[in-house]
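What follows is each chain in one-letter form.
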Amino acid sequence: MMLRTTASRVLDDNDRDEVLALLDADPVANVFVASRVRAVGLNPARLGGQMWGFGPRGGLTSLCYAGANLVPVNAGADAVHAFADRARKQGRRCSSIVGPADAVASLWERLEPYWGAARAIRRAQPVMAVAKPSPVPIDPLVRRVRPEEFEILLPACVAMFTEEVGISPEAGDGGALYRSRVAELIRIGRSYARIEHGRVVFKAEIGAVTPLACQIQGVWVHPDLRGRGHAVAGMASVVKHALDCFAPVVSLYVNDYNAPARAAYRRAGFSEVGTFMSVLF
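Remember, it's a predicted structure, so these values are computed and weren't measured experimentally. (Residues numbered from 1 in each chain as written. Predicted model: local features only at pLDDT ≥ 70, side-chain atom pairs only at ≥ 80, totals over all residues. Heavy atoms only, no water.)

**Re the overall build of the protein**
Here comes step 1: Along its length, the protein carries nine helices and 12 strands.
Here comes step 2: Relative to the globule expectation of 19 Å for 281 residues, the C-alpha radius of gyration of the protein, 19 Å, shows essentially globular dimensions.
Here comes step 3: Relative to its 281 residues, the protein shows a buried fraction of 48%.
Here comes step 4: For the protein, the exposed area adds up to about 13,100 Å²; of that, 53% sits on carbon and sulfur atoms.
Here comes step 5: For the protein, the separation between the mean place of its 33 positive charges and that of its 27 negative charges on side chains is 1 Å. (Helix = DSSP H or I, 4+ residues; strand = E, 2+ residues; numbered from the N terminus. Rg over C-alpha atoms; globule rule 2.2 N^0.38 Å. Buried < 20%, exposed > 50% of the residue type's maximum accessible area, 1.4 Å probe, protein only. Areas by Shrake-Rupley, 256 points an atom, 1.4 Å probe, with all protein chains shown as cover. Lys, Arg positive; Asp, Glu negative; His and termini not counted. Charge placed at Lys NZ, Arg CZ, Asp CG, Glu CD.)

**Describing the pairing of strand β6 (residues 120-130)**
Here comes step 1: For β6, the buried fraction is high: eight of the 11 residues fall into the buried class.
Here comes step 2: As judged from the eight bridges shared by β6 and strand β12 (residues 271-280), these two strands associate in the antiparallel manner. Looking at the pairing, R122 lines up with S278 of β12.
Here comes step 3: Pairing between β6 and strand β11 (residues 250-253): four bridges, direction antiparallel. Residue pairing in the sheet places M128 in a bridge with L252 of β11. (Pairing = 2+ DSSP bridges.)

**Re the domain arrangement of the protein**
Here comes step 1: Partitioning the protein into domains gives domain 1 (9-117) and domain 2 (130-274).
Here comes step 2: For domain 1 and domain 2, the distance between their C-alpha centroids amounts to 26 Å.
Here comes step 3: Listed per partner, the contact involves nine residues of domain 1 and 12 residues of domain 2.
Here comes step 4: Summed over both sides, the interface of domain 1 with domain 2 buries roughly 780 Å², with 80% coming from carbon and sulfur.
Here comes step 5: When the buried area of domain 1 at its contact with domain 2 is split by residue, V28, V31 and R38 rank highest and sum to 56% of it.
Here comes step 6: Linking domain 1 with domain 2 are zero residue pairs in polar contact (both at pLDDT 80 or more).
Here comes step 7: Ranked by residue count, the leading element in the side of domain 1 that touches domain 2 is helix α2 (residues 31-40), at five residues. (Domains from an automatic or database assignment. Contact = heavy atoms within 4.5 Å. Buried area = accessible area lost by both parts, 1.4 Å probe. Polar contact = N/O pair within 3.5 Å; in protein donor to acceptor, adjacent residues only side chain to side chain.)

**Description of the sheet that holds β6**
Here comes step 1: Taking strand neighbours across the sheet as the criterion, the 12 strands line up as β1-β2-β3-β4-β5-β12-β6-β11-β10-β9-β8-β7 in an open arrangement whose pairing is mixed. At either end of the open sheet lies a strand with only one pairing partner, and these are β1 (9-10) and β7 (143-144).
Here comes step 2: Where strand β9 (residues 199-209) lies against strand β10 (residues 214-221), six bridges are found, and the strand directions are antiparallel. Across the sheet, residue A208 finds its bridge partner in β10, namely Q215.
Here comes step 3: Lying over the sheet, helix α4 (residues 77-90) contacts β1, β2 (50-54), β3 (62-66) and β4 (69-73), oriented at roughly 140° with respect to β2. (Axes fitted to C-alpha atoms, helices over the stretch in contact; angles between N-to-C directions.)

**Structural notes on the pairing of β12**
Here comes step 1: Direction of pairing for strand β5 (residues 96-100) relative to β12: antiparallel, over a ladder of five bridges. Across the sheet, G99 pairs through a bridge with M277, a residue of β12.

**Looking at the environment of G67**
Here comes step 1: Among the secondary structure elements, G67 is positioned in the loop between β3 and β4.
Here comes step 2: Through-space distance from the C-alpha of G67 to that of I97 is 10.0 Å; in sequence the pair is 30 residues apart.
Here comes step 3: When neighbours within four sequence positions are excluded, G67 is seen to be in contact with G48, G49, R93 and C94.

**A look at the packing of aromatic side chains**
Here comes step 1: This structure, assessed with the given rule, holds seven aromatic pairs.
Here comes step 2: Measuring from centroid to centroid gives 5.1 Å for Y253 and F276, while their planes differ by 55°, and the two rings are tilted. Taken as a pair, Y253 in strand β11 and F276 in strand β12 lie far apart in primary sequence, 23 residues in all.
Here comes step 3: Over the ring of W52 we find R86, and its NZ or CZ is 5.8 Å from the ring centre.
Here comes step 4: A cation over a ring is seen here: R88 above Y114, with NZ or CZ 5.2 Å from the ring centre. (Phe/Tyr/Trp six-rings, centres within 6.5 Å; stacked < 30°, edge-to-face > 60°. Lys NZ or Arg CZ within 6 Å of the ring centre and 35° of its normal.)

**Some remarks on unusual backbone geometry**
Among all residues except glycine, the phi angle is most often negative; among peptide bonds, the trans geometry is most common.
Here comes step 1: Look at N74: it is not a glycine, yet its phi comes out positive at around 50°.
Here comes step 2: Relative to the assigned elements, N74 resides in the loop between β4 and α4.
Here comes step 3: One non-glycine residue with positive phi stands out, namely H197, at about 55°.
Here comes step 4: Looking at the secondary structure, you find H197 in the loop between β8 (191-196) and β9.
Here comes step 5: Take H197: its relative accessible area is 85%, and that puts it in the exposed class.

**Focus on the pattern of salt bridges**
Here comes step 1: Considering all chains together, one arrives at 19 salt bridges under this definition.
Here comes step 2: Put simply, R57 and D12 hold a salt bridge, and the shortest N to O gap is 3.9 Å. Note that R57 is positioned in the loop between β2 and β3 and D12 in the loop between β1 and α1 (16-24), a separation of 45 residues in sequence.
Here comes step 3: Residue D12 is classed as partly exposed on the basis of its relative accessible area, which comes to 31%.
Here comes step 4: Salt bridges sharing partners connect three or more residues here, namely R9, D12, D15 and R57. (Salt bridge = Lys/Arg side-chain N within 4 Å of Asp/Glu carboxyl O.)

**Examining the UniProt feature "domain: N-acetyltransferase" (unreviewed entry) in the protein**
Here comes step 1: Taking the UniProt record as the reference, the feature "domain: N-acetyltransferase" (unreviewed entry) is found at residues 140-281.
Here comes step 2: Its end C-alpha atoms 39 Å apart, residues 140-281 is made of 37% helix and 29% strand. (UniProt positions renumbered as here; feature names shortened; annotations may be inferred.)

Here is the structure:
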């Protein structure tokens, strides 16, 4: 009888090449974690958390990013067991568990008895991707947000986050970290919007970028203007910018119950390529 190992280890910059090779094997599913590793490496102080590895050096099979989010990567049953054991011993430090649905479901099954009830569980979040320009006309008024427009954009970002996650990003630290992230995405040219008369009509950000894929987040249309095609044309614009400037594949994930958003993304050229699950605390 084969004994299940519970061994996992904290990785460091000596593991960077092997980690990136594993992440790049599925660039769409792993774009968030890969973007962090490419940007700052594996030192926990820079990474904003630890990267756990399953398998010996030279033979890594699975990863788990353990920072503000807990994100399993290519985690089969033995790796999930090992990561859950480490997470249980460490105690909950994350605001969510997110990633491929099977691995997240298995992690949560093992952690729930110790961590307690989640605030919300999104069991099926289709991962969607597109690798060519959208088949619909772009909205020519969607453009990069300028730094001086931060105060115009921020309320739309807060509204989107609150609507999507169920709590305000301004809770806790008064929104300082969230404001910093919004400002940073504007500064590096990855925040897009259609702004008319000081009001955001449509907005979206490119939240994670690698040479192989990028991920759109924060898609939002002003509630008074929904149902008029702004999401479809706006997404077509962001896809064009993303393909031209950032990566050959553009991805996102969406709640399965958000039928209008899924329909808009399909019209903009996206197709489903996988399923995520999120556990929110």
